[in-house]
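This is what each chain is made of:
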Amino acid sequence: MKPTNFEIAIALIDQKNAEDNNTYSSHGVVFSKELLYSQRMSQKLLQFKGEASEALQIAARAQHICRWKIARNQFAMDRVGYLTWRETLKKMHADLTAELLETVGYSDEFIERVSFLINKKMIKKDDESQVIQDVICLVFLEHYFEDFSNKHEEEKVISIVQKTWKKMSEAGHEFALKLKYSEKSLALIQQAIK
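In short, a report on the structure. (Residues numbered from 1 in each chain as written. Predicted model: local features only at pLDDT ≥ 70, side-chain atom pairs only at ≥ 80, totals over all residues. Heavy atoms only, no water.)

Time to look at the overall build of the protein chain. Helix and strand counts for the protein chain stand at nine helices and two strands. Seen in sequence order, the protein chain has helices and strands lined up from the N terminus as α-β-β-α-α-α-α-α-α-α-α. Summarising its shape, the C-alpha atoms of the protein chain cover approximately 50 × 35 × 35 Å along the three principal directions. If you sum the accessible surface of the protein chain, you get close to 11,000 Å²; carbon and sulfur atoms cover 52% of it. Separation of charge centres in the protein chain, based on 28 positive and 28 negative side chains, amounts to 4 Å. (Helix = DSSP H or I, 4+ residues; strand = E, 2+ residues; numbered from the N terminus. Areas by Shrake-Rupley, 256 points an atom, 1.4 Å probe, with all protein chains shown as cover. Lys, Arg positive; Asp, Glu negative; His and termini not counted. Charge placed at Lys NZ, Arg CZ, Asp CG, Glu CD.)

Structure (structure tokens):
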């Protein structure tokens, strides 16, 4: 049976992310870091919003496509440099995904919508942009928060959780509180959001 455009698009995104030489080890298995992240984004999206549109599913999968190609240290190591790096990344993710979707045969309108979602435009006003933001936060909390909290001072960790929490919707908050955390992580999260 011939694969659908959606299946081809996901395979192409995965193919790009599999090129990441940065690795992440989980349960004794070594993954390309961004390939694992993209798969976690898809999985969490479908758990959080089972009826997610095709554009939303592709945007979630491509959220960090080829992220390693633009290193943080290419920009000033201050707040402005960080924000410039993030904006540069978003544009690269959207442009690269648009190119892939064009080769698959998606319409310009569909491609524009995916780019809009990858850029997380109009969070709090556009439901799907908000879902992407929630899923990013949920993936961070479930899979990366523990490591992050072990590497940073408690004050910084609490501040990051508070910033993360502000970006999320009420539905995102409810879902986040049902995730499994270590006692330490749960205590930090509860302290941050009280």
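This part takes up the packing of helix 3 (residues 54-61) against helix 5 (residues 108-118). One way to put it is that helix 3 packs onto helix 5 with a least axis distance of 9 Å and a crossing angle of 50 degrees. Taken together, the axes of helix 3 and helix 5 are oblique relative to one another. The two elements helix 3 and helix 5 cross, and the hand of that crossing is right-handed. For the pair helix 3 and helix 5, the contacting residues are Glu54, Ala55, Leu56, Ile58 and Ala59 in the first and Phe110, Arg113, Val114, Leu117 and Ile118 in the second. Partitioning the contact of helix 3 with helix 5 into residue classes produces eight nonpolar, no polar and two charged. (Axes fitted to C-alpha atoms, helices over the stretch in contact; angles between N-to-C directions. Parallel < 35°, antiparallel > 145°, perpendicular 65-115°, else oblique. Left-handed = near helix turned anticlockwise from the far one by under 90°. Contact = heavy atoms within 4.5 Å. Nonpolar A, V, L, I, M, F, W, Y, C, P; charged D, E, K, R; others polar.)

Where strand 1 (residues 23-26) and strand 2 (residues 29-32) come together, four bridges link them in antiparallel fashion. The residue of strand 2 that forms the bridge with Ser26 is Val29. Linking strand 1 back to strand 2 in an antiparallel pair, the connection comprises two residues, with His27 at a positive phi of about 55 degrees. (Pairing = 2+ DSSP bridges.)

Our focus in this paragraph is a negative patch on the surface. Judged by side-chain charge, Glu99, Glu102, Asp108, Glu109 and Glu112 come together as a negatively charged surface patch. Those elements that place two or more of their residues in the negative patch are helix 4 (79-104) and helix 5. For the negative patch, the element with the highest residue contribution is helix 5, accounting for three residues. Within the element layout of this structure, Asp108 appears in helix 5. On the accessibility criterion, Asp108 (56% relative accessible area) is exposed. (Patch = residues over 30% accessible without salt bridge, like charges linked within 9 Å, V, L, I, M, F, W, Y side chains within 5 Å. Salt bridge = Lys/Arg side-chain N within 4 Å of Asp/Glu carboxyl O. Buried < 20%, exposed > 50% of the residue type's maximum accessible area, 1.4 Å probe, protein only.)

Let's shift gears to the nonpolar core. If you look at the biggest cluster of nonpolar residues, it comprises 58 residues, and the most contacted ones within it are Ile58, Leu101, Tyr106, Val114, Leu141 and Phe145. Among the elements of the structure, helix 1 (5-17), helix 2 (33-48), helix 3, helix 4, helix 5, helix 6 (127-151), helix 7 (154-167) and helix 9 (183-193) are those that each provide at least two residues to this core. It is helix 6 that provides the largest number of residues to this core, a total of 12 residues. Here Leu101 is in contact with Ala9, Ile58, Tyr106, Phe110, Ile111 and Val114, once residues within four sequence places are set aside. (Core = buried A, V, L, I, M, F, W, Y, C linked by side-chain atoms within 4.5 Å.)

Below, the discussion takes up a positive patch on the surface. Together, Arg79, Lys156, Lys163, Lys166 and Lys167 give the surface a local cluster of positive charge. By residue number, the principal contributor to the positive patch is helix 7, which donates four residues.

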